[in-house]
Every structure is written in structure tokens, then in C-alpha cells.
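Inside the fold
Spelled out from the first residue to the last, the chains are:
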Amino acid sequence: MRIFKKSVMRFVVSFILYILCTNTLYAWSGGPPAYRTGAPNDIGTCKDVGCHDSFELNSGNAIFSITGPDTYIPGKFIRLEISFTESSGTLHGFEMTALDANDNRVGKFKRIGKTTQVIRPNDFRGLNEADKGKYIEHTVAGNKINMWKIKWKAPSNATDPITFYAAGNDANGNGSPDGDFIYTTKKEINSASSVKDF
């Protein structure tokens, strides 16, 4: 009976350790911690914090980009697309924010579908309450694709230009941070009222 109890106890302890290791390994497949876009005043990217650091930033062959309109109307939504092309990875992810010319985080992001999420403040990702709505990233379902569509609501007033900063992960899907490429990109837009016709 003692041998049986020891065997059961070993199994339980091994199972718990397996779950803890697996959860740690896949912890960020549903989106990285906040402030990892590479924007001014952010922590950097997932490469900078010693996670996906096998290669230099932007050193892979993929193209990581933000596409959308070049202008916005204050207080209105615009649609943006974040994507990888020419990627060799099997999994992908991103995080994005928007800053005005004074490096203030501006506007509010809104997800489209189930492949993106606006980072909630005060959860395990570490977003401050003051930055509610100002960061968006992929979900677990979203890391299986290489293109995401989102909405961004422009502020009623801001100092142009607005710059979107995004960091992306072109991952090999091996279950560890090793061998993944991290990219950054940005896109500038201006208020439609500030764009002059020539």
C-alpha cells in the first residue's frame, strides 16, 4: 500500500510540474505582456526582454507591415491591417499602440472578430489603467494566422502625426521562444483637416 501511495504521489507531483512548465512555455501564445511594441516609452519588444532573442531584430526574410488610410477624422474609426508576408513561420503574433507627435498614447483600439484583443488593464499582461484601450494584440486563435484587421478610434484632438507602432513575432511553432524572428514596423497618419491640397 505504501508503494502505491508513493507512486500516486509521484504521478501527481509530476503532473503538476508538467502543467506548470507547459503553461509557462505557452503563456504568451495568446498575446504578449503590455508595452512590447517597440514604441518610445515602451519596454521594447519580446526580443529586448530576453524572450525571443535568437536573432537580431528585423533580421528575418518576412515582411511585417501596417496598412490603412493615410488620414483620419477626429473622433471617427479607421480600419487597419497588420500582416506578415513572405513568412516562414507557422505561428504569428503582434502587439500595437498609437502615439501622437509628443509621444502620448492616443485613440482607442477595437477588435474585429476573435483573432485580436484589446489588452485589459490590471491583468497578468501588466497594462496600467491609464492606458486602457491603447494596446491591441493577437489572441490564441489569432496566432494561427498572419494577418489581423482592427479598428482604431481617433482622438478628438491630438498633435499630428499619429504613429502606429507594432512588433510582430514570426514563430517556428516549436513550443519555445528559440528560433523565432521578431519584427517592428510603424505607420504615420495625419488628421484629414490638416492635410492640404496642392
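Whatever comes next refers back to the structure up there.
Residues numbered from 1 in each chain as written. Predicted model: local features only at pLDDT ≥ 70, side-chain atom pairs only at ≥ 80, totals over all residues. Heavy atoms only, no water.

Moving on, we get to the pattern of salt bridges. As enumerated under the stated definition, the model contains five salt bridges in all. For R105, the salt bridge identified is with D131, shortest N-O distance 3.3 Å. Of this pair, R105 sits in the loop between β4 (91-99) and β5 (108-111) while D131 sits in the loop between β6 (116-118) and β7 (136-138), and the two are 26 residues apart along the sequence. For R105, a relative accessible area of 22% corresponds to the partly exposed category. Between D123 and R125 there is a salt bridge; the shortest N-O distance is 3.2 Å. With respect to burial, D123 and R125 carry one shared label: buried. (Salt bridge = Lys/Arg side-chain N within 4 Å of Asp/Glu carboxyl O. Helix = DSSP H or I, 4+ residues; strand = E, 2+ residues; numbered from the N terminus. Buried < 20%, exposed > 50% of the residue type's maximum accessible area, 1.4 Å probe, protein only.)

Two elements, strand β2 (residues 71-72) and strand β10 (residues 181-191), share two bridges in a ladder whose sense is parallel. The residue of β10 that forms the bridge with Y72 is S191. Strand direction decides the pairing type here: strand β9 (residues 162-171) and β10, joined by nine bridges, are antiparallel. Residue pairing in the sheet places A167 in a bridge with T184 of β10. (Pairing = 2+ DSSP bridges.)

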